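Residue-level structure breakdown
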Amino acid sequence: MRYILHQWAGLCSLRAGLGQVRLYEPATQDELWETLRSLERPPLILARGSNLVGADNAQAMPVLRLPKSAEFALVEQLGPCVFKLGAALSLLETAKLLAAKGCGGLAALAGIPGSLGGALAMNAGANGEEIAARVREMRGWDLRSNQPWNWRREQGGWGYRRSPIGKDILILETILELQPAHPEEEKAAIDAELRRRRLINPKGASAGSVFRNPDAQNPAGRLLELAGCKGLARGMFRVSQKHANWIINTERKPGSATDCRLLVNEMKARVLEKFAVELQCEWKWAAEL
Ligand SMILES: Cc1cc2nc3c(=O)[nH]c(=O)nc-3n(C[C@H](O)[C@H](O)[C@H](O)COP(=O)(O)OP(=O)(O)OC[C@H]3O[C@@H](n4cnc5c(N)ncnc54)[C@H](O)[C@@H]3O)c2cc1C
């Protein structure tokens, strides 16, 4: 099957990872099955790479990304505010599209810069809301057993940045249930959220918050700031002066995933030493998937 050789750094928003990947982007489900049959091992699933750190691997690993083709970016209305949606759609375009149809409920999440598939896998959340609350069904493919995978709301399995989607499950589409909304008001709410994000997010290439918040009283950012992490740096990566739970690649140049890992480890070690709290990294690391 056809693939493109890419450096990891070009595929993830933090620009981390000096290793190569063989990137497969099948446009149809038939091409997808053909790709999977041709591979020696299940590929790593990638979407927008906004929560993923690449790797410095010597050998090019197989990576699968669903393109925004007709099949993987489909939008089908099933009921007044019920939609079947392809996993390759971005969260923002989904929110805007459904708002225009008079359906609301995604504005709080619209500033999260990922795909629908990525948002489901991570149970992306913001402003006290999570994508999980809107999901009625998911349909996917188990890359390890080569079997269909289906999920319905009553099966549960969601938690804070945790989803029922296992590592080798590729989500193809989902059914979301929204609520009726006035299109103009919903659009205004989305625009306001995007403006808010532009103000609060540190500038530079990033992958969002580094660590989960241990609890509401102790946000990771506060612990990291008190542990003196602001400004710590390794290679291309630096802890933001604006937000201690945020690493930026200031020059947006390819950086080593190992440097990034060492910086994250140092942040974690400082908080452990000062507060005896073991922070959990929110990001996915290609080397560990
Ligand atoms: C500036 C910035 C702000 C952010 N703010 C937030 C925020 O407020 N809240 C929040 O929750 N996150 C935030 N993030 C993190 C990130 O955007 C989200 O986790 C997003 O949902 C990841 O989507 P993605 O398409 O980029 O997934 P990727 O980063 O490509 O992948 C993330 C994980 O999802 C898996 N995955 C992707 N697609 C599929 C699929 N189709 N099927 C199965 N698994 C899949 C991948 O294998 C990987 O394990 C932010 C990131 C940035 C850069």
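Note that the coordinates shown come from a computational prediction; the quantities given were computed from them, not determined experimentally. (Residues numbered from 1 in each chain as written. Predicted model: local features only at pLDDT ≥ 70, side-chain atom pairs only at ≥ 80, totals over all residues. Heavy atoms only, no water.)

Here helix α2 (residues 91–100) has its buried residues at Leu91, Thr94, Ala95, Leu98 and Ala99. Looking down the long axis of α2, one finds its buried residues gathered within 125° of arc, a one-sided arrangement. On its buried face, α2 sits against β7 (82–86), β8 (103–104), α3 (116–122) and α4 (183–200). One or two steps after α2, the chain reaches glycine 102, where phi turns positive at roughly 85°. (Buried < 20%, exposed > 50% of the residue type's maximum accessible area, 1.4 Å probe, protein only. Helix = DSSP H or I, 4+ residues; strand = E, 2+ residues; numbered from the N terminus. Arc of directions from axis to C-beta. Contact = heavy atoms within 4.5 Å.)

Here the chain is partitioned into domain 1 (4–65), domain 2 (75–200) and domain 3 (220–288). On a C-alpha basis, the centres of domain 2 and domain 3 stand 28 Å from each other. (Domains from an automatic or database assignment.)

What follows is about helix α1 (residues 29–38). Every buried residue of α1 is accounted for by Gln29, Leu32, Thr35 and Leu36. Summarising the axial view, the buried residues of α1 lie within an arc of 115°, below the 170-degree limit, and thus occupy one face. Exposed residues lying more than 90 degrees from the buried face of α1 are Asp30 and Arg37. Packing partners of the buried residues in α1 comprise β2 (20–24), β5 (61–65), β11 (135–142) and β13 (169–177).

This next bit is on the site of the ligand. The immediate surroundings of the ligand are formed by 33 residues, with Ile45, Gly49, Ser50, Gly125 and Arg197 found nearest. Interatomic distance of 2.6 Å between a backbone N/O atom of isoleucine 45 and an oxygen atom of the ligand. Separating an oxygen atom of the ligand from a backbone N or O atom of asparagine 51 is a distance of 2.8 Å. Contact with the protein chains removes 92% of the 970 Å² of surface that the ligand exposes when unbound. Put simply, the parts of the chain that give the shell around the ligand at least two residues each are β3 (44–46), α3, β9 (125–126) and β13. Counting residues per element, the shell around the ligand draws most heavily on α3, at 5 residues. Its residues assigned to classes, the shell around the ligand comprises 17 nonpolar, 12 polar and 4 charged. Split by domain, the residues of the shell around the ligand number at least three in each of domain 1 (4–65) and domain 2 (75–200). (Near = heavy atom within 4 Å. Polar contact = N/O pair within 3.5 Å; in protein donor to acceptor, adjacent residues only side chain to side chain. Areas by Shrake-Rupley, 256 points an atom, 1.4 Å probe, with all protein chains shown as cover. Nonpolar A, V, L, I, M, F, W, Y, C, P; charged D, E, K, R; others polar.)

With that settled, consider the packing of aromatic side chains. Per the counting criterion, the structure on display carries 4 aromatic pairs. Taken together, a centroid distance of 4.4 Å and an interplanar angle of 40° make the contact between tryptophan 33 and tryptophan 141 tilted. Of the two residues, tryptophan 33 is situated in helix α1 and tryptophan 141 in strand β11; the sequence distance between them amounts to 108 residues. Tryptophan 33 sits in the partly exposed class, given a relative accessible area of 22%. Here arginine 22 stacks its cationic end above the ring of tyrosine 3, 5.8 Å away from the centre of that ring. The lysine or arginine in question, arginine 261, covers the ring of tryptophan 285, its NZ or CZ lying 3.9 Å from the ring centre. (Phe/Tyr/Trp six-rings, centres within 6.5 Å; stacked < 30°, edge-to-face > 60°. Lys NZ or Arg CZ within 6 Å of the ring centre and 35° of its normal.)

Moving on to the state of the cysteines. Following the criterion strictly, the structure yields 1 disulfide and no others. Each sulfur of the disulfide joining cysteine 81 and cysteine 103 lies 2.3 Å from the other. Linking cysteine 81 and cysteine 103, the disulfide has an S-S dihedral of approximately -95° and is accordingly described as left-handed. With cysteine 81 in the loop between β6 (75–79) and β7 and cysteine 103 in strand β8, the pair connects residues that are 22 residues apart, well separated along the chain. (Disulfide = S-S within 2.5 Å.)

Turning next to the sheet that holds β2. Spatial strand order, β1-β2-β5-β3: 4 strands in an open sheet with mixed pairing. Looking at which strands have only one partner, the edges of the open sheet turn out to be β1 (4–7) and β3. Looking at each pair of strands side by side, their axes are set apart by 40° on average, direction ignored. (Pairing = 2+ DSSP bridges. Axes fitted to C-alpha atoms, helices over the stretch in contact; angles between N-to-C directions.)

A positive phi angle, near 45°, is found at asparagine 123, a position not held by glycine. You can see asparagine 123 is positioned in the loop between α3 and β9. The backbone of arginine 161 sits at a positive phi, close to 55°, despite the residue not being glycine. The topology assignment puts arginine 161 in the loop between β12 (147–152) and β13. When its relative accessible area of 18% is taken as the criterion, arginine 161 is described as buried.

Counted residue by residue, β5 has 4 buried out of 5 residues, so it is predominantly covered. Sheet topology places β2 next to β5; 4 bridges connect them, and they run parallel. For leucine 23, the partnering residue across the bridge sits in β5 and is valine 63. Examined bridge by bridge, β3 and β5 share 3 bridges and lie parallel to one another.

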